[in-house]
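Each chain, letter by letter, is given below.
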Amino acid sequence: MCGIAGIIQSSNHYSIHHLKKMTDALAHRGPDGEGFWQNRDGTAQLGHRRLSVIDLSKDAAQPMHFAVSAEGGDRGHYTIVHNGEIYNYVEIRETLEKEGYVFRTQSDTEVILAAFDFWNSECIDHFDGMFAFAIWDEKEKELFIARDRFGEK
């Protein structure tokens, strides 16, 4: 499975270079790719080592971003790194599509982002799977971290 890492800081002390060192230590968990992201002020940084399982396209690469809510408003900007699998993501996706969400990938990661936008922290009550993820909410400057109930990831 994938490897995820992050740095949340009040100043710009640590750089993407430090985050890359962290994800390099996880390279064995994600041989299919890597990705790095930091917000404009450098206070949030997320890194990912990818093991492609569900959606093998480049569109499903992480860190993944989500900017528009179902109502079409500018809710804010979410960024996620995710390890694991949401087994019921197809059913959740269908529910969210009925609420007006449009998806550009076939990945469970994008479904997590839309579910977070719709249900906020209660999104995890809808997930069946083994997972760990971190979502940065750029509008609120908050990090939401969750894992599956048994801590498999």
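Each remark here, short or long, concerns the structure printed above.
Residues numbered from 1 in each chain as written. Predicted model: local features only at pLDDT ≥ 70, side-chain atom pairs only at ≥ 80, totals over all residues. Heavy atoms only, no water.

1. Re the sheet that holds strand β2 (residues 33-38)
Quick reminder of the rule: Two strands pair if DSSP finds at least two bridges between them. In this description a helix means any DSSP run of H or I spanning at least four residues, a strand means any run of E spanning at least two, and both kinds are numbered starting from the N terminus. Axis definition: a line fitted to C-alpha atoms, limited for helices to the stretch in contact. Angles are taken between N-to-C directions and run from 0 to 180 degrees.
Taken in spatial order, the 3 strands make up an open sheet running β1-β3-β2, and their pairing is antiparallel. The two strands at the open ends of the sheet, each matched to only one other strand, are β1 (3-8) and β2. With strand direction ignored, the average angle separating the axes of adjacent strands in the sheet is 10°. Bridging between β1 and strand β3 (residues 44-50) involves 6 bridges; their strand directions are antiparallel.

2. Concerning unusual backbone geometry
Working note: non-glycine residues mostly have negative phi, and peptide bonds are mostly trans. For clarity, the cut-off: Whether a residue is buried, partly exposed or exposed follows from its accessible area with a 1.4 Å probe, protein chains only, as a fraction of its type maximum: under 20%, in between, or over 50%, in that order.
Within the chain, Asn120 stands out as a residue other than glycine whose phi angle is a positive 55°. Turning to its location among the elements, Asn120 is positioned in the loop between α3 (108-119) and β6 (129-137). Of the residues examined, Asn120 reaches a relative accessible area of 44% and is grouped as partly exposed.

3. Quick look at the packing of helix α2 (residues 89-98) against α3
Rules: Put simply, angles under 35 degrees are roughly parallel, angles over 145 are roughly antiparallel, angles from 65 to 115 are roughly perpendicular, and the rest are oblique. For any pair of crossing helices, the crossing counts as left-handed if the nearer helix is rotated counterclockwise from the farther one by less than a right angle, and right-handed if it is rotated clockwise. The contact definition used throughout considers only heavy atoms, calling two residues in contact when any of these lie within 4.5 Å. Three residue categories are used. Nonpolar comprises Ala, Val, Leu, Ile, Met, Phe, Trp, Tyr, Cys and Pro, charged comprises Asp, Glu, Lys and Arg, and polar comprises the others, including Gly.
One way to put it is that α2 packs onto α3 with a least axis distance of 10 Å and a crossing angle of 45°. Our classification of the angle between α2 and α3 gives oblique. Crossing of α2 against α3: the hand is left-handed. Where α2 approaches α3, its residues Tyr89, Ile92, Arg93, Thr95 and Leu96 are matched on the opposing element by Asp108, Val111, Ala114, Ala115, Phe118 and Trp119. Across the contact of α2 with α3, the residue classes break down as 8 nonpolar, 1 polar and 2 charged.

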